[in-house]
Amino acid sequence: MEKETKGARTKRHLYNCAIDLFRKKGYDHVSVDEIVKMAGMAKGTFYIYFHSKADIILEMLRQYDDYYDHVMASMNEEMPVERRLEEIVKASCRFTQDVIGLDLIRVLYTKQLEAGIEHKRLLNEDRALFSIIADLIREGQADGVYCPEYNPEDITMLILRGIRAVFFEWCSSGGEVDLAGECLWSLEISAQGFSVR
């Protein structure tokens, strides 16, 4: 295991303090001054690692990616591909609901809308979840579970758009929507269109 550098520890500490404050007070009610005060660091140190408070949200995306990689590494490869696809979708819902939380996922989507075309891939092809789902679709196609005539990346985008739509409804409802249940239902409906059976 690679030893963590002092800079990486400092960045992680700032990130953890910011996320803790965001959860307690809400993203919009937390300033950089509060983050560095909680971290016990100078304001200049914050700007070495993050250009703005919004960069904390980008770091949050990297946390998502690490989590997805961990979930896939711990998953039994003998499990049917359809089941592994369901498990990664459930894991995404779990992490969003239990770790990120309603307020921060709202902020993430708001930042994505504000960033527009400049950061269009924040939620798409460059992300771990996209790669994982596309690989599972390819595997399913090779195994004869999914129709081979469809492009795996197109199917993946369809699945992710369905998940994002449910996340949006979850945010809009103040967390009243059954996140995992609705995402799995969306996946099931989509899978009827690209499954062989």
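Residues numbered from 1 in each chain as written. Predicted model: local features only at pLDDT ≥ 70, side-chain atom pairs only at ≥ 80, totals over all residues. Heavy atoms only, no water.

1. Description of the overall build of the protein
Part 1 of the reasoning: If you tally the helices and strands in the protein, you get nine helices and zero strands.
Part 2 of the reasoning: Along the protein, from the amino end to the carboxyl end, the secondary structure elements read α-α-α-α-α-α-α-α-α.
Part 3 of the reasoning: When its C-alpha atoms are laid out on the principal axes, the protein stretches across 60 × 40 × 30 Å.
Part 4 of the reasoning: A buried classification covers 44% of the 197 residues belonging to the protein.
Part 5 of the reasoning: A separation of at least 24 residues holds for 65% of the contacts in the protein among residues at least 6 apart in sequence.
Part 6 of the reasoning: A total accessible area of about 11000 Å² is found for the protein, and carbon and sulfur atoms account for 51% of it.
Part 7 of the reasoning: Here the protein holds 25 positive side-chain charges and 33 negative ones, and the gap between their average locations is 8 Å. (Helix = DSSP H or I, 4+ residues; strand = E, 2+ residues; numbered from the N terminus. Buried < 20%, exposed > 50% of the residue type's maximum accessible area, 1.4 Å probe, protein only. Contact = heavy atoms within 4.5 Å. Areas by Shrake-Rupley, 256 points an atom, 1.4 Å probe, with all protein chains shown as cover. Lys, Arg positive; Asp, Glu negative; His and termini not counted. Charge placed at Lys NZ, Arg CZ, Asp CG, Glu CD.)

2. Some words on the confidence of the model for the protein
Fine structural detail should not be taken from predicted coordinates in areas where pLDDT scores are low.
Part 1 of the reasoning: In this model, the protein carries a mean pLDDT of 88, and residues with pLDDT of at least 70 account for 93%.
Part 2 of the reasoning: Least confident of the elements in the protein is helix α6 (residues 102–115), whose mean pLDDT is 78; most confident is helix α2 (residues 32–39), at 96. (pLDDT = per-residue confidence, 0-100.)

3. Description of the side chain of Lys53
Part 1 of the reasoning: Mapped onto the elements, Lys53 comes out in the loop between α3 (43–49) and α4 (54–74).
Part 2 of the reasoning: Apart from the residues within four sequence positions on either side, Lys53 is in contact with Phe22, Tyr27, Asp28, Val30, Val32, Ile35 and Phe46.

4. A short note on helix α7 (residues 128–142)
Part 1 of the reasoning: With 15 residues, α7 extends 21 Å between its outermost C-alpha atoms, agreeing within 8% with the 21 Å of an ideal straight helix rising 1.5 Å per residue.
Part 2 of the reasoning: Along α7, the residues that are buried comprise Ala128, Leu129, Phe130, Ile132, Ile133, Ala134, Leu136, Ile137, Gly140 and Gln141.
Part 3 of the reasoning: Those residues of α7 that are buried are in contact with α4, α5 (81–100), α8 (152–172) and α9 (179–194).
Part 4 of the reasoning: Positive backbone phi, approximately 80 degrees, marks Gly144, located one or two places after α7. (Expected span 1.5 Å × (residues − 1).)

5. Section: the packing of α5 against α7
Part 1 of the reasoning: Two numbers describe how α5 lies on α7: the axes approach to 9 Å, and their chain directions differ by 165 degrees. The angle between α5 and α7 falls in the class roughly antiparallel. As for the relative orientation of α5 and α7, their crossing is left-handed in sense. Judged by residue contacts, Val81, Arg84, Leu85, Ile88 and Ser92 of α5 engage Leu129, Ile132, Ile133, Leu136, Ile137, Glu139 and Gly140 from α7.
Part 2 of the reasoning: For the contact of α5 with α7, a count of residues per class yields eight nonpolar, two polar and two charged. (Axes fitted to C-alpha atoms, helices over the stretch in contact; angles between N-to-C directions. Parallel < 35°, antiparallel > 145°, perpendicular 65-115°, else oblique. Left-handed = near helix turned anticlockwise from the far one by under 90°. Nonpolar A, V, L, I, M, F, W, Y, C, P; charged D, E, K, R; others polar.)

6. Examining the environment of Arg164
Part 1 of the reasoning: With respect to the element layout, Arg164 can be found in helix α8.
Part 2 of the reasoning: Take Arg164: its relative accessible area is 21%, and that puts it in the partly exposed class.
Part 3 of the reasoning: Sequence separation between Arg164 and Thr110 is 54 residues, and the spatial gap between their C-alpha atoms is 13 Å.

7. Focus on the packing of aromatic side chains
Part 1 of the reasoning: Evaluation of the coordinates by the stated rule reveals eight aromatic pairs.
Part 2 of the reasoning: When the centroid spacing of 5.8 Å and the interplanar angle of 25 degrees are considered together, the rings of Tyr64 and Tyr68 count as stacked. Of this pair, Tyr64 and Tyr68 both sit in helix α4, four residues apart, which is roughly one turn of that helix.
Part 3 of the reasoning: For the pair Tyr67 and Tyr68, a centre-to-centre distance of 6.1 Å together with 55 degrees between the ring planes defines the contact as tilted. The pair formed by Tyr67 and Tyr68 is uniform in burial state, with each residue classed as buried.
Part 4 of the reasoning: An aromatic cluster is defined as three or more aromatic residues linked by ring pairs; in this entry it consists of Tyr64, Tyr67, Tyr68 and Phe95. (Phe/Tyr/Trp six-rings, centres within 6.5 Å; stacked < 30°, edge-to-face > 60°.)

8. Concerning the layout of surface pockets
Part 1 of the reasoning: Empty space within the largest pocket amounts to approximately 190 Å³.
Part 2 of the reasoning: What lines the largest pocket is a set of 13 residues, among which Glu82, Glu86, Leu187, Glu188 and Ala191 lie closest to the centre.
Part 3 of the reasoning: Here the lining of the largest pocket takes six residues from α9, the largest share from any one element. (1 Å grid on protein atoms, 1.4 Å probe; cavity = no way out; pocket = protein on both sides within 12 Å on 5 of 7 lines; lining within 4 Å. Points joined across faces, edges and corners; volume = space filled by probe spheres on them.)

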